[in-house]
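Now for the letters of each chain:
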Number of protein chains: 2
Amino acid sequence: MTEQARKRDAVATRQAFLDAAAKLFAERGFDRTTVRDIAKLAGVNQALLFRYFGSKEALFEEVIARSGREQLATTPPERLFSTSLRSMLEPGGRRNRALETYLRSSGSDGAAAAIRQEVGREYAGVLATLTDAPDAELRADLALAWLMGIALVREVTGKEPLAGADPDDICRLVLTAIKTLLERSE
Amino acid sequence: MTEQARKRDAVATRQAFLDAAAKLFAERGFDRTTVRDIAKLAGVNQALLFRYFGSKEALFEEVIARSGREQLATTPPERLFSTSLRSMLEPGGRRNRALETYLRSSGSDGAAAAIRQEVGREYAGVLATLTDAPDAELRADLALAWLMGIALVREVTGKEPLAGADPDDICRLVLTAIKTLLERSE
DNA sequence: CCAGGTTGTAAGCAGCTGCTTACAACGCTA
DNA sequence: TAGCGTTGTAAGCAGCTGCTTACAACCTGG
């Protein structure tokens with residue numbers, strides 16, 4: 001009985017747009033995702049996208065801002081790096097798409113770029129608290145950059161052996177190397 | 001007198017296409033570069049692009065295959081990582097755009113994806129010779145991924161402080177950390 | 001029960017995209 | 001110099017893009 005039951009439900013429609021857009025932006029990037037694709041996946045008329053969000057770019061901003069801060073808010077700093085790395089490496093399921101969306105969005109200018117930078121800054125800000133080195137923020141950026149690079153090579157270019165490697169092996173190698181970047185002096 | 005002198009020169013026209021396309025693909029990525037943009041920058045009629053290369057995708061393949069192997073052929077293995085890192089970090093000039101083109105191309109499917117993977121494999125193959133660890137190729141992929149991530153964060157998202165950091169500082173931090181990944185056991 | 005705002009739908013618009021076609025200008029070779 | 005293949009040009013096509021508009025269906029408050 002629940003099927004087709006929530007027609008004419010603005011909140012549900014909005015959410016359907018956000019969910020569909022999050023999935024497609026993460027998989028294909030901004031440019032290769034059309035508003036018709038989003039609407040179709042959401043099961044909603046595409047004209048409503050513009051009523052609810054104003055533009056494709058504005059919808060993208062909501063998606064990236066939301067997904068980026070979700071993981072950030074639910075993970076303690078000292079585990080942020082390994083948790084983010086893990087969630088990237090785990091296949092399928094309802095995993096967090098923040099990094100994929102972030103890197104797939106490269107090139108979109110305007111307001112979305114500002115949001116992207118802000119989310120990145122928050123990530124790096126948290127990572128920077130893990131070391132007391134004077135260039136803590138630069139080290140944090142480099143750690144973040146490695147995460148992005150691994151996501152890029154695995155998910156986007158699909159290069160072997162990285163793409164098919166055991167998550168445990170990757171974590172071990174990366175965490176060992178990253179330790180010299182992000183550790184307290186005592 | 002040399003101006004307007006080489007009209008009706010198929011070789012020069014082809015080269016003009018390749019140069020213009022290399023620049024624009026590296027800067028904007030595949031999707032956001034139009035064939036009209038390329039032709040305009042090359043100073044050539046856009047219909048000729050299809051006569052010489054067949055399609056936009058085929059032109060892209062030539063660009064990425066050429067630029068990727070250029071640096072590879074002129075750099076000794078033990079310096080490939082630091083040289084690539086350096087050339088990414090140095091501003092302006094006629095620097096090698098291989099990595100930018102590579103990462104900007106994310107998402108383009110088909111034959112271009114195969115070329116991308118092949119170039120990446122050649123890079124990683126060289127890096128893998130630097131260590132005698134059993135998982136040398138995975139380590140090489142991870143090193144390559146870090147390069148890509150740094151390029152991404154600096155050039156595409158422009159995040160500070162990484163984007164504006166001193167190349168020497170970045171090299172020092174990265175090379176120190178990467179040493180544990182790519183070093184001989186004795 | 002009905003006016004008026006909210007939600008959903010269908011159609012279309014203008015601009016851009018990759019690509020094609022028809023044709024003119026050129027220069028080599030016989 | 002006449003013929004012919006090569007190079008360059010202008011125009012246009014069909015499809016897709018983000019976005020808008022006009023309108024119907026619905027629910028709610030008076």
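Along each chain, residues carry numbers from 1 onward, in the same order as the chain's sequence is written. A letter from A marks each chain and a number from 1 marks each ligand, given out in the order of writing. With the structure being a predicted model, the display of local features is reserved for residues of pLDDT at least 70 and the display and counting of side-chain atom pairs for 80 or more, all residues being used for whole-chain, interface and lining totals. Only hydrogens and water are set aside when side-chain values are computed; all heavy atoms of the structure are taken into account.

On to the protein's contact with DNA strand D. Among the 21 residues in the neighbourhood of DNA strand D, the closest are listed as Arg-8, Thr-34 and Gln-46 of chain A together with Arg-8 and Arg-51 of chain B. If even one non-hydrogen atom of a residue comes within 4 Å of a molecule or strand, that residue is called near it. Taking the atoms of DNA strand D that fall within 4 Å of the protein, sugar and phosphate contribute 44% of them. Contact distances for DNA strand D include 2.6 Å between a base oxygen and a side-chain N or O atom of Arg-8 of chain A. Side-chain polar atom of Arg-36 of chain B to a base oxygen of DNA strand D: 3.5 Å apart, as the coordinates give it. Of all the secondary-structure elements, those providing two or more residues to the surface near DNA strand D are helix H2 (35-42) and helix H3 (47-53) of chain A together with helix H1 (10-28) and helix H3 (47-53) of chain B. No other element matches H3 of chain B, which puts four residues into the surface near DNA strand D. Looking at the surface near DNA strand D residue by residue, the classes come out as seven nonpolar, seven polar and seven charged. For the purposes of these results, a polar contact is taken to be a pair of N or O atoms within 3.5 Å, where, inside protein, one atom must be able to donate a hydrogen and its partner to accept one; residues adjacent in sequence count only when each atom of the pair is a side-chain atom. Under the DSSP-based scheme used, a helix requires at least four consecutive residues in state H or I and a strand at least two consecutive residues in state E, with every element numbered from the N terminus. Amino acids outside the nonpolar list (Ala, Val, Leu, Ile, Met, Phe, Trp, Tyr, Cys, Pro) and the charged list (Asp, Glu, Lys, Arg) are all regarded as polar, and Gly is one of them.

Right, let's get into the nonpolar core. Take the buried residues of types Ala, Val, Leu, Ile, Met, Phe, Trp, Tyr and Cys, join any two whose side-chain atoms come within 4.5 Å, and each joined set is a nonpolar core. Under the scheme applied here, a residue whose accessible area is under 20% of the maximum for its type counts as buried, over 50% as exposed, and between as partly exposed, the area being computed with a 1.4 Å probe on protein chains only. Membership of the largest hydrophobic core comes to 118 residues, with the highest contact counts inside it found for Leu-142, Trp-146 and Ile-150 of chain A together with Leu-142, Trp-146 and Ile-150 of chain B. Discounting chain neighbours no more than four positions away, the residues touching Leu-142 of chain A are Leu-181 of chain A together with Trp-146, Ile-150, Leu-162, Ile-170, Leu-173 and Val-174 of chain B. Two residues qualify as a contact provided that any one of their heavy atoms is within 4.5 Å of a heavy atom in the partner residue.

Once chain B is rotated about the relating axis by 180° and shifted along it by 0.0 Å, it coincides with chain A to within an RMSD of 0.0 Å. Each copy turns onto its partner about a two-fold axis. Among all C-alpha atoms of chain B, that of Gly-149 of chain B lies closest to the rotation axis, at 1.8 Å. Residue by residue, 100% of the interface of chain B is reproduced at the interface of chain A, so both copies engage with the same surface. When the copies are overlaid, the least-squares fit takes in C-alpha atoms only where the residue has pLDDT of at least 70 in both copies.

The subject of this paragraph is the protein's contact with DNA strand C. Around DNA strand C sit 21 residues in total, of which Arg-8 and Arg-51 of chain A together with Arg-8, Thr-34 and Gln-46 of chain B are the nearest. Counting only atoms of DNA strand C within 4 Å of the protein, the fraction found in sugar and phosphate groups is 41%. Asp-9 of chain A places a main-chain nitrogen or oxygen 3.4 Å from a phosphate oxygen of DNA strand C. Arg-8 of chain B places a polar side-chain atom, nitrogen or oxygen, 2.6 Å from a base oxygen of DNA strand C. Counting only elements with at least two residues in the surface near DNA strand C, the list comes to helix H1 (10-28) and H3 of chain A together with helix H2 (35-42) and H3 of chain B. Ranked by the residues each element gives to the surface near DNA strand C, the list is headed by H3 of chain A, at four residues. Residues of the surface near DNA strand C, tallied by class, amount to seven nonpolar, seven polar and seven charged.

A word on the environment of Lys-40 of chain A. Residue and element names in this part refer to chain A. Looking at the element boundaries, Lys-40 is found in helix H2. Overall, Lys-40 belongs to the exposed group, its relative accessible area being 72%. Sequence spacing of Lys-40 and Leu-127 is 87 residues, and the spatial spacing of their C-alpha atoms is 38 Å.

A few words now on the interface of chain B and chain A. Contact residues are listed per partner, giving 45 residues for chain B and 45 residues for chain A. Throughout, the accessible surface (probe 1.4 Å) given up by two parts as they are put together, summed over both, is called the buried area. Of the roughly 3700 Å² buried where chain B meets chain A, counting both sides, 67% is carbon and sulfur surface. For this document, the term salt bridge refers to a Lys or Arg side-chain nitrogen within 4 Å of an Asp or Glu carboxyl oxygen. One can count four salt bridges joining chain B with chain A. Taken together, chain B and chain A are joined by eight residue pairs in polar contact (both at pLDDT 80 or more). Those elements that place two or more of their residues in the side of chain B that touches chain A are helix H6 (98-104), helix H7 (111-128), helix H8 (136-157) and helix H9 (167-179) of chain B.

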